[in-house]
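Letter by letter, the chains look like this.
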Amino acid sequence: MITLVKQYPRIPSGCAISGIINKKGQVFSGADIIRSIALMHDRSNGLGGGFAAYGIYPEYENHYALHVFYEGLTCKEKAEQFINEHFNVDSNGKIPTRKVCSITNPPLIWRYFVQPKKDKLLQSELTEEEYVVRCVMRINSEYDGTYIFSSGKNMGAFKGVGYPEDIGEFYRLDEYRGYIWTAHGRFPTNTPGWWGGAHPFTLLDWSVVHNGEISSYGANARFLEMFGYKCTLQTDTEAITYIFDYLIRKQGLSLELAVATVAAPFWKDIDRMEPAEKDLFTALRATYSSLLVNGPFSIILGTRNGIMALNDRIKLRSLVAATKGDFLYVASEESAIREICADPDTVWTPRGGEPVIGLLEGADRL
Ligand SMILES: NC(=O)CC[C@H](N)C(=O)O
């Protein structure tokens, strides 16, 4: 019999996430997070892998570390004109990589440690962070073949097309030391597997890795566009990163309220709340109705102050958490935690919509 249409198995729960924080801020190498995400190899399909690491650039802790993909040298020349016009570049170079057989056709991957040019910043009448965000958005939307995929301080994203353990090897992450590491193995849902589309998605110090699919992407992206965010990377997860930046940095919401916006309680639950709480949650849902994230998800949000893992309200994706001493671990599967922490103090599966927060000692908010 001739089969005209090849039937590929669809594995809707594919994608793996993992995250580790040492709450005392002690740094450790990327080897552990690579082992953890590698254990979940079969949850990805080789079309994306990536990591976010915090605390890795102590010698440049007051600089924004721009990690950039270029499709070629012409793109680099053009974008560098813009970068040099807007920033003082104190150091730059190729991000060190090693040859890995399975990683083919990488773009040019460059890193710049920069600070905004004082006069430009003054002229712009923006806060420093907003200035950086606008520059990132401008490059990513107006400069063909150029993508700034990381723009935080003392942190960095490392990502690409491949299995996550190979991407970790490629970027030599065993040679970096950070106090927070998050990782992602991708099984793309509706969009292409390309270098810019791999997770994490970052902006300033925010990073997000995500298992799931956002059915509200269009509504979310359109709302974000009104405030200068441009979703250019073709993966739904990008919008989640900008939503947290918008709600927490620009709107000044607490993490709890941002969570209540993204994974809002059901109306039937709001109806049963005490009057003051009911008013608050009603106002949140009404004001930010376009920022409700619909569809299945488990995510890990990273910032310099800690991590937060969160499931959609009805927990349509797996998420497990564990602690051991000063460490908090979160991952799609318990085995991925036990691979690097054989004997955790506590292990639990968080409920839908209930954030697991790992704060750095001394930090009062994420
Ligand atoms: N399978 C997944 O969880 C995919 C996550 C996300 N939607 C992506 O395409 O990258």
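Computed from a predicted structure; not experimentally measured. Every residue gets a number counted from 1 within its own chain, in the order that chain's sequence is written. Confidence filtering applies because this is a predicted model: local features only for residues at pLDDT of at least 70, side-chain atom pairs given and counted only at 80 or more, and all residues used for totals across whole chains, interfaces and linings. Values shown for side chains rest on all heavy atoms present in the structure; no hydrogens or waters enter the calculation.

Turning to helix 10 (residues 275–287), a few remarks are in order. In this model helix 10 runs 18 Å from its N-terminal to its C-terminal C-alpha over 13 residues, within 8% of the 18 Å that 1.5 Å per residue would give. The rule is simple: take the accessible area with a 1.4 Å probe, protein chains only, and divide by the maximum for that residue type; under 20% is buried, over 50% is exposed, in between is partly exposed. Numbered from the N terminus, helices here are DSSP runs of H or I no shorter than four residues, and strands are runs of E no shorter than two. When helix 10 is considered as a whole, its buried residues turn out to be F281, L284 and R285. Viewed end-on, helix 10 has its buried residues packed into an arc of 95°, placing them on one side of the element. In helix 10, the exposed positions that point more than 90 degrees away from the buried face belong to P275, A276, D279, A286 and T287. Here, two residues are considered to be in contact whenever any of their heavy atoms come within 4.5 Å of each other. At its buried positions, helix 10 is contacted by helix 8 (255–262) and helix 9 (267–271). A helix is expected to span 1.5 Å for every residue after the first. Directions pointing from the helix axis toward each C-beta atom define the arc.

Glancing now at the UniProt feature "domain: Glutamine amidotransferase type-2" (unreviewed entry) in the protein chain. UniProt positions are given in the numbering used here, feature names are shortened, and annotations may be inferred rather than shown by experiment. In the UniProt entry, the feature "domain: Glutamine amidotransferase type-2" (unreviewed entry) is given for residues 15–366. Across residues 15–366, helical content stands at 30% and strand content at 28%; the span's end C-alpha atoms are separated by 25 Å.

Residues form patches when they are more than 30% accessible in relative terms and have no salt bridge. Like charges link within 9 Å. Nonpolar side chains (Val, Leu, Ile, Met, Phe, Trp, Tyr) link within 5 Å. All accessible areas in this document rest on Shrake-Rupley with a 1.4 Å probe, and a residue is counted as covered only by the protein chains that are shown. A carboxyl oxygen of Asp or Glu within 4 Å of a side-chain nitrogen of Lys or Arg is what we treat as a salt bridge. On the surface, F266, I314 and L316 cluster together into a nonpolar patch covering about 280 Å² of accessible area. Assignment of secondary structure puts F266 in the loop between helix 8 and helix 9. Judged by its relative accessible area of 30%, F266 falls in the partly exposed class.

Let us look at the sheet that holds strand 16 (residues 327–331). An order of 8-3-10-1-16-15-17 is seen for the 7 strands of this open sheet, with the pairing classed as antiparallel. The sheet is open, and its two borders are formed by strand 8 (155–160) and strand 17 (346–348), each paired with just one other strand. Adjacent strand axes in the sheet meet at a mean angle of 10° when their direction is disregarded. Note: two strands are recorded as paired if DSSP finds a minimum of 2 bridges between them. With 6 bridges connecting them, strand 1 (residues 16–22) and strand 10 (residues 180–185) associate as antiparallel partners. Across the sheet, residue S18 finds its bridge partner in strand 10, namely A183. Only the stretch in contact is used when fitting a helix axis, every axis being a line fitted to C-alpha atoms; angles between N-to-C directions are given from 0 to 180 degrees. Its contacts with the sheet place helix 1 (residues 31–38) against strand 1, strand 3 (49–54) and strand 10, and it is angled at close to 155° to strand 1.

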